[in-house]
Amino acid sequence: MSGQLSRMALAGAFMGVALGLSPVVVAHDDLAQASAEIRRTRFGVPHIRAQDERGLGYGIGYAYAQDNLCLLANEIVTVNGQRSRYFGPEQLTVEQRENRVSDVFFNWLNTPQAVSGFWQAQTPPVQQRIEGYVAGYNRALAERKAKGLPVECASEWVRPITALDLVKLTRRLLVEGGVGQFAEALAGAQPPQASALNGAVANDFADAATRQQRFALERGSNALAIGSERSFNGRGMLLANPHFPWVGGMRFYQMHLTIPGKLDVMGAALPGLPVINIGFSQHLAWTHTVDTSKHFTLYRLQLDPKDPTRYLIDGQSVPMSQQAVTVDVKQPDGQVKAVSRVVYGSQFGPIVQWPGKLDWDNRFAFSLRDANLDNDRVLEQWHAMNQAVSLKDLQGSVHRIQGIPWVNTLAVDDQGQSLYMNLSVVPNVNAAKLARCSDPRAGLQLIVLDGSRSECAWDVDPNAAQQGIYAADQLPQLLRRDYVQNSNDSAWMVNPAQPLTGYSPLISQHGQPLGLRSRFALDRLGSLAKDGAVKVEDLQRMVMDDRVYLADQVVPDLLGACAAQAGKDAAAIAEACASLKTWDRTAGLHSGLGFVHFQHIMERVQALPESWRVAFDPKDPQHTPRGLAIERPAVLKAVREAMLASVAAVEAAQWSKDRQWQDIQVASSGDRQTPIHGGPGELGIYNAIQSVPAANGKREVVGGTSYLQVVTFDDKGPQAQGLLAFSLSSDPASPYSTDQTRAFSQKQWSVLPFTEEQIKADPDYQAVIIRERDEIGRVARH
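Throughout what follows, the structure given in this document is the object of discussion. A quick note: this is a predicted structure, and the numbers were derived from the prediction, not measured.

To continue, consider the environment of Ala-411. Mapped onto the elements of the fold, Ala-411 is located in strand 16 (residues 407-413). In this structure Ala-411 comes out as buried when scored by relative accessible area, which is 1%. Between the C-alpha atom of Ala-411 and that of Val-650, which follows or precedes it by 239 residues, the distance is 44 Å.

The structure is reproduced here in structure tokens:
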């Protein structure tokens, strides 16, 4: 990546946490010395094998540091709340959040007590895996320092890590679906009439609101689990298509983990996590999609009229808690100054203040309770899933542990079963309590409960793994032999033959419009049913044909608007109309300006509630809403205005008539640019790709399709094909920084070698053995 975006990626990552350098958690002199074998195949994918948990972690940390040293080092600065110290308080993270806001927020989140408590709650195998990861990463860091650090991170902020650093990274992941979306609101909350700390907190809540709205888009996903009744060989088939950021702390890493006789799993993991998040094993394959469940609630506090830092519960005045947060801030002269502020809280959680939305005045304040703040089971959860030997075993682990933070789980097995589970961490607030404790005028986008009554606290179910959340048997799940699918909609339409209804609105809301990606998937499954059994290439084409589902619904109407009497605007919109007519209705590399005009037009028109000819009908969610009502003057006028605006935008960009999508949307690594197909998921493009304006009229990819896998089974076990769309390494100098990106651009899937025979037969096979007792830099090659 080059230019400003590259600097943002290195300076920012996606979230920030704060806690000063922590001591090493354990220093067992008597620990067995770790060793691991790292075998790499095509695209540098590491197959890591060890005899125990610590050895496996050692290999993971070492391999990851070889490929993404600067990325993880930058994340460590972020999660320790030191961005302002090293990069300055006003610089922005890749998500356009000020460093000082990031530092305040994560210093609040990752107190020594919270981090220590999380660590102590881990099982011994998980602790051993983490300790090994730390040792492996630090070894690779020492070796790289001896040769010279990459230019992107040749600085004082790169240091050896500790187990607590990985805990902080994990806690950052946990709050992505909750309080992490309110960093500005938490860092900026001050009592009425109090002045903000030296102007330290940005007031740009518009950007924060945009990030919140786009959470599911930027961290969305498609998943399709095909059972025996629909698959080509009567066994399970899984398409995993997570849409995650291409830069920063949510960038997937591909790997294969083996402890002989105990563990054999392959897939992808997030930075700093020594487990597979999405993957497959001998008999199973699974993936995740961001769910629509609520993982936090707000509480409206009734304040004590005498003091806005006290609130009333059941008529009793209670003082807010006050947590002092100190951030080291780099001054213009280079000196570092400690700046402190107070983060206020109630018994429900921190006070959050959002001007015009969640105001803190003399009558009311708002407090946020995030269920995942108490979820210390997340690593144990994926550790158990990685070891599951049957679908029942995998499902049982999720029921028992309840560590999934904010995603659905879809899985298949080699027996032809397909499973959907919406078993994440959800506040236990049923519909009756919601009716008693919230204002119905507020809607269900943000759940706001009455904080003045103790009866409005979350209910406690003794069968739940954590106080205040729903027990697993109260959450949606569906086991079928035909299919289940999800593209970030609620649980109700994972299979229209068996709608899932009757749940608390915090869990799932039925009767709501489906996203266009879900409608595309259901439409394609219907078409495939007419042609026979589903084959591997059918699942691959769902992503790679780049079909724009919305175009099939509305382009005829857009062309109708072109044909209608346009008066003085006829000449001005003629070029847009011509390009729409010849457009192939895909987001492929060779798609012309018709796709660009379509994006511009629909961005405006979709916002009009009266634009649809056929409104949404909950009895027909797969096919409604549809059609543009151009026969309505207001809609026709809006379409024409959108066309004129699009023509002006294309002219301003100085794009010629023969401009193609491959000339516009790219992924950069150093000075290399790779054209990327796909586009906005809100247009019904299954291959959802998010890009932002960059230099020279280009759009730089920042998120979307990331790790791809299609897994089937035969008598020998899993047969998998896949890609990591942004490639394995974030280091532009690495041979693995663009190779898979080019393959993705060319729609070339790769076999994922899983068996010993497949691994050793790979033409790019190479292997080393690393031992903790050996001197730095010494590895055994074979």
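The rest of the description comes next.
Applying the stated rule across the entire model yields 18 aromatic pairs. Centroid distance Phe-244 to Trp-406: 6.5 Å. Interplanar angle 15°. Geometry classified as stacked. Of this pair, Phe-244 sits in strand 4 (residues 237-245) while Trp-406 sits in the loop between helix 12 (391-401) and strand 16; the two residues are 162 residues apart in sequence, bridging distant segments of the chain. Relative accessible area serves as the criterion here: at 6%, Phe-244 is assigned to the buried category. Relative to Phe-348, the ring of Tyr-299 lies with its centre 3.8 Å away and its plane at 10°, an arrangement referred to as stacked. Here the residue Tyr-299 occupies a position in strand 9 (residues 296-304), and Phe-348 occupies one in the loop between strand 13 (336-345) and strand 14 (351-352), the gap between them amounting to 49 residues. Each member of the pair, Tyr-299 together with Phe-348, is buried. Aromatic ring contacts, followed pair by pair, group Trp-583, Phe-595, Phe-598 and Trp-661 into a single cluster.

All chains considered together, the criterion is met by three disulfides. Between the sulfur atoms of Cys-70 and its disulfide mate Cys-153 the distance is 2.1 Å. The S-S bond linking Cys-70 to Cys-153 shows a torsion near -65°; that makes this disulfide left-handed. Taken together, the residues span a long stretch of sequence, with Cys-70 in helix 2 (residues 53-79) and Cys-153 in the loop between helix 6 (124-147) and helix 7 (163-174) at a distance of 83 residues. Here the two residues Cys-70 and Cys-153 agree in accessibility, since each one is buried. Sulfur-sulfur distance for the disulfide between Cys-562 and Cys-577 comes to 2.0 Å. Residues Cys-562 and Cys-577 are joined through a disulfide that is left-handed, its torsion about the S-S bond being -90°. In this pair, Cys-562 sits in helix 16 (residues 549-563) while Cys-577 sits in helix 17 (residues 570-582), placing the two residues 15 residues apart along the sequence. Ordinal numbering of bonded cysteines along the protein chain defines a disulfide pattern of 1-2, 3-4, 5-6.

The next subject is the sheet that holds strand 7 (residues 278-281). Spatially, the 11 strands line up as an open sheet ordered 19-17-16-8-7-6-5-2-1-30-31, and their pairing is mixed. Two strands bound the open sheet, and with one partner strand each, they are strand 19 (477-480) and strand 31 (780-781). Sheet topology places strand 1 (residues 35-40) next to strand 30 (residues 766-771); six bridges connect them, and they run antiparallel. For Ser-35, the partnering residue across the bridge sits in strand 30 and is Arg-771.

The geometry of helix 18 (residues 593-605) relative to helix 19 (residues 633-653) is characterised by a closest axis approach of 9 Å and an angle of 135° between their N-to-C directions. Judged by the inter-axis angle, helix 18 sits oblique to helix 19. The crossing of helix 18 and helix 19 is right-handed. In contact with Leu-593, Val-596, His-597, His-600, Ile-601, Arg-604 and Val-605 of helix 18, helix 19 contributes Ala-638, Val-639, Glu-641, Ala-642, Met-643, Ala-645, Ser-646, Val-647, Ala-649 and Val-650. Here the residues of the contact of helix 18 with helix 19 sort into 12 nonpolar, three polar and two charged.

Our focus in this paragraph is unusual backbone geometry. Residues Thr-624 and Pro-625 are joined by a peptide bond in cis, for which omega reads 0°. Mapped onto the fold, Pro-625 is located in the loop between strand 21 (612-614) and strand 22 (626-628). One non-glycine residue with positive phi stands out, namely Gln-654, at about 60°. Even without glycine at this site, Asn-696 takes up a positive phi of about 60°.

Each value, and the rule that gives it
- Residues numbered from 1 in each chain as written.
- Predicted model: local features only at pLDDT ≥ 70, side-chain atom pairs only at ≥ 80, totals over all residues.
- Heavy atoms only, no water.
- Helix = DSSP H or I, 4+ residues; strand = E, 2+ residues; numbered from the N terminus.
- Buried < 20%, exposed > 50% of the residue type's maximum accessible area, 1.4 Å probe, protein only.
- Phe/Tyr/Trp six-rings, centres within 6.5 Å; stacked < 30°, edge-to-face > 60°.
- Disulfide = S-S within 2.5 Å.
- Pairing = 2+ DSSP bridges.
- Axes fitted to C-alpha atoms, helices over the stretch in contact; angles between N-to-C directions.
- Parallel < 35°, antiparallel > 145°, perpendicular 65-115°, else oblique.
- Left-handed = near helix turned anticlockwise from the far one by under 90°.
- Contact = heavy atoms within 4.5 Å.
- Nonpolar A, V, L, I, M, F, W, Y, C, P; charged D, E, K, R; others polar.

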